[in-house]
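So you can see what is in the structure, the chains are spelled out below.
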Amino acid sequence: MIITKEEFSELANHQAHDCVTIYIPTHSSGYGVNEKHDIITFKNNLQKARQQLEEKGLDQAAIDKVLRKGFRLLDDDEGFWKNQSASLAVFLSEKIVKVIKLPIQVKEKLMVNSSFFIAPLLPLMKARKPFYLLVLSKHDAKVYEADAYGMKKIDVEGLPDGMDDVIRFEEKGGKQLMRRAGASAGSGATEGANFHGHGAGLADDDEYLDQYLKEVDQTLWTELLSTQNVPLVIAAVDYVLAAYKQVSKYKYIWNEHLTGNFEHEERNSLYEKIRGKMEPYFKEDTKKALLNYYNNSANELTSSIPEEVIPASHFGQVSDLFVQKDQHIWGRFNEADNELLIHESKGPDDECLINKAIVKTIMNGGAVHMLDKEKMPADTEIAGFYRYST
């Protein structure tokens, strides 16, 4: 699940007195579903939102109009609530209703304000950072497309199912290659062909491993990888992995791999094993941005002062914005007058200035990096690397 810039823009640009934002962690199975825990949590947030809208002075008819679609979700306990992901985000106003099932864990949050609180969506706004996983053995070859949020199996036409599924005599792109046996092998295939004294098909001998892996590599290259430059991760026993690296023409085989036989591994279990190994890849952009910040910390291209960074984000000066997770800076910024007010706590007309800075940075083509406190480039809730000196 990736939030498109258009979806983000629709939520980010909406301004009204009745913007209700609700985030709750959700359950896809088990106790949380059986006991309707998510439904109860969501209902409690809707009731709190009603109270806050009343405090803002909205009449009951207006409040009902904002919240009615949220309350309607409560009735769909067989469909909607039994088909959840890691978290749920709901955005309600008189003119906008948006419900997003999130594949990431977020903290429970209710905010009633003049704009939607969209900072928790930030991880889903980042580039997908896709990669491929090849599960490889003598008996099987499977390919998965994955990213930071999930993985799915993809069908690659012509990919052999194993050494015994391969013969030599099919032409593919004018080259003599190994190919799957049987009628589906196409022109030039010879079902039941003999090889160096062996009977029909390929024997499960190491002497044929090299040819089988070449066919796997050629098929992947032709059907999938020739136009790609993303990591290919291998899951295989050591000697199969080493042999495949020797024959593969793909330049982006990831240095980390899964060692063992994963022919029968369930997809979710396999993804959990591989995701941790890909963490450095997911964090590459943030690592480079932090390095830029540190290398320029002595000049005017960086700032960790909220009073400087927040206006700069509005005016398109921020190339990389660094924000501390789960933090708020309350106040108001008048862009026309370049007037910034920051308050110790949330006032009646205040908005989260970090949320606004995130929105403005993204809409102006910058990148945003949400970090734990200890990973921030300075002891602050917000910092910026600028496109040019301010």
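Everything here concerns the structure above.
Residues numbered from 1 in each chain as written. Predicted model: local features only at pLDDT ≥ 70, side-chain atom pairs only at ≥ 80, totals over all residues. Heavy atoms only, no water.

Asker: It is not clear to me how empty space enclosed by the protein should be interpreted in this structure. Could you clarify?
Answerer: Any empty space left between atoms is shown by rolling a water-sized probe over those atoms. Scanning the entire structure with this criterion turns up two cavities of 30 Å³ or more. Of the voids in this model, the largest cavity is the one considered here, and its volume is about 50 Å³. Forming the boundary of the largest cavity are Met111, Asn113, Ser115, Phe116, Phe117, Glu351, Cys352, Asn355 and Lys356. Elements that contribute at least two residues to the lining of the largest cavity include exactly strand E4 (109-113), strand E16 (351-352) and helix H12 (353-363). Estimated volume of the second largest cavity: approximately 30 Å³. Forming the walls of the second largest cavity are Leu11, Ala12, Ser115, Phe116, Ile118, Asn355, Lys356 and Val359. Going through the elements one at a time, helix H1 (5-12) and H12 are the ones with two or more residues in the lining of the second largest cavity. For the lining of the second largest cavity, the per-class residue count stands at five nonpolar, two polar and one charged. (1 Å grid on protein atoms, 1.4 Å probe; cavity = no way out; pocket = protein on both sides within 12 Å on 5 of 7 lines; lining within 4 Å. Points joined across faces, edges and corners; volume = space filled by probe spheres on them. Helix = DSSP H or I, 4+ residues; strand = E, 2+ residues; numbered from the N terminus. Nonpolar A, V, L, I, M, F, W, Y, C, P; charged D, E, K, R; others polar.)

Asker: Looking at this structure, I do not really get the sheet that holds strand E15 (residues 339-343). What am I missing?
Answerer: The strands that make up a sheet pair up through hydrogen bonds in the backbone, lying either parallel or antiparallel. The three strands are arranged E15-E14-E16 in an open sheet whose pairing can be described as antiparallel. On the outer flanks of this sheet lie E15 and E16, each paired with one strand and no other. The sheet contact formed by strand E14 (residues 330-334) and E16 spans two bridges and is antiparallel. Its bridge partner being in E16, Trp330 is matched across the sheet by Cys352. (Pairing = 2+ DSSP bridges.)

Asker: What should I look at first to understand unusual backbone geometry in this one?
Answerer: Generally, phi is negative for residues other than glycine and the peptide bonds are trans, each holding for most cases. Phi is positive for Asp326, which is not a glycine, with a value near 60°. In this structure, Asp326 sits in the loop between strand E13 (318-324) and E14. We classify Asp326 as exposed; its relative accessible area is 53%. Look at Asn338: it is not a glycine, yet its phi comes out positive at around 55°. Residue placement: Asn338 occurs in the loop between E14 and E15. Relative accessible area serves as the criterion here: at 48%, Asn338 is assigned to the partly exposed category. (Buried < 20%, exposed > 50% of the residue type's maximum accessible area, 1.4 Å probe, protein only.)

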